[in-house]
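Notes for the structure review
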Amino acid sequence: MSSPKLDPVPSHALPSQVVKADEPILVAQAKAGDVSAFETLVNRYERKIFRLTQNITQNREDAEDAMQEAFLKAYEHLGEFEGNSRFYTWLVRIAVNQALMKLRRRRPNVVSLDDEIDTGEDIIPREVEDWGPSPIERYEQTELSEILSKVISELDPAFRIVFQLRDIEQLSTEETAEALRLSVPAVKSRLLRGRLKLRQKLNQYFRQGAKL
Amino acid sequence: MKCKDVVKELADYLDEALDPTLRMSIEEHLGNCKDCRVVVDTTKQTIDIFCNSEPAPLSEPTRERLHQALIKRLRRRP
């Protein structure tokens, strides 16, 4: 058996933002045993998967473990991936499962995703102020990242995880529902509340005159 | 259409998942209601900011541990 050629820490990580057109080719090559093709997929998605597991678990150690387990499981079950969805969507679903297991283990009293969300809550926004100049122009990238991490960490997990999958990972409503084993109306309800709560939290930073 | 009706449909409106009649009703309301326009605009900005945010690079130790774990697993593959 030849040793795998995986470079422990390649210095040429690919940008992780875009799902590239070569993904199906890389997956096919990886399924055929090409380790370097799987390496390329790992390099491409490791940052996004870590952000996903970090946002779900809110714990760095759990996030790292969940990310590792997600990539290992993806590799082990690659033969079962039939290409009915994007590889990245499949990987996200594995990572979500790993991260949720960590979250529930550490915080057993956390609101279950299956729980009914109180729909009696008044969702009409109370703070209605325009934001003025674009937040991206007003804040340095690092500062903006810290603000986004802070406000999303303050969100109830039931809203945070749906927002993460739907608006950050760009899964469809149906894919999000399937990944979280929720109904489509439940995803829509949580998404609306999550978006409105985040908007309200960001208001303190982005409203006109709020820049420090 | 009232403001609370706009808010209830906001997610589908922003996702362009509404039927044309309902969409037109919302847009008619938005034309006359500054508060709702602000809510729609700032909610859209909220989504855009998160959607366009780049994930931070992994720290070198985290990356090293991930790749070492993968190498260990890949060596077991027949």
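Below, the structure is looked at part by part. Just so it is clear, the structure is predicted and the values come from calculations on it, not from any experiment. (Residues numbered from 1 in each chain as written. Chains lettered and ligands numbered in written order. Predicted model: local features only at pLDDT ≥ 70, side-chain atom pairs only at ≥ 80, totals over all residues. Heavy atoms only, no water.)

Re the packing of helix α7 (residues 157-168) of chain A against helix α8 (residues 173-180) of chain A
Residues and elements named next belong to chain A.
- Where α7 contacts α8, the two axes come as close as 9 Å, and the packing angle between them is 135°. When the axes of α7 and α8 are compared, the pair comes out oblique. Between α7 and α8 lies a crossing whose hand is right-handed. Contact residues: α7 offers Ile 161, Val 162, Leu 165 and Arg 166, while α8 offers Thr 173, Thr 176, Ala 179 and Leu 180.
- For the contact of α7 with α8, the per-class residue count stands at five nonpolar, two polar and one charged. (Axes fitted to C-alpha atoms, helices over the stretch in contact; angles between N-to-C directions. Helix = DSSP H or I, 4+ residues; strand = E, 2+ residues; numbered from the N terminus. Parallel < 35°, antiparallel > 145°, perpendicular 65-115°, else oblique. Left-handed = near helix turned anticlockwise from the far one by under 90°. Contact = heavy atoms within 4.5 Å. Nonpolar A, V, L, I, M, F, W, Y, C, P; charged D, E, K, R; others polar.)

Looking at the interface of chain A and chain B
- Each partner contributes residues to the interface: chain A has 55 residues there, and chain B has 43 residues.
- Across the chain A/chain B interface, buried area totals approximately 4,700 Å², and carbon plus sulfur atoms make up 65% of it.
- The tally of links from chain A across to chain B stands at seven salt bridges.
- A salt bridge links A:Arg195 to B:Asp15, with the nearest nitrogen and oxygen atoms 2.9 Å apart.
- Our count for the contact surface shared by chain A and chain B stands at 15 residue pairs in polar contact (both at pLDDT 80 or more).
- Of all the secondary structure elements, the ones that give two or more residues to the side of chain A that touches chain B are α1 (23-31), α2 (35-57), α3 (60-76), α6 (141-153), α7 and α9 (184-206) of chain A.
- Of the residues contributing to the side of chain A that touches chain B, the split by class is 33 nonpolar, six polar and 16 charged. (Buried area = accessible area lost by both parts, 1.4 Å probe. Salt bridge = Lys/Arg side-chain N within 4 Å of Asp/Glu carboxyl O. Polar contact = N/O pair within 3.5 Å; in protein donor to acceptor, adjacent residues only side chain to side chain.)

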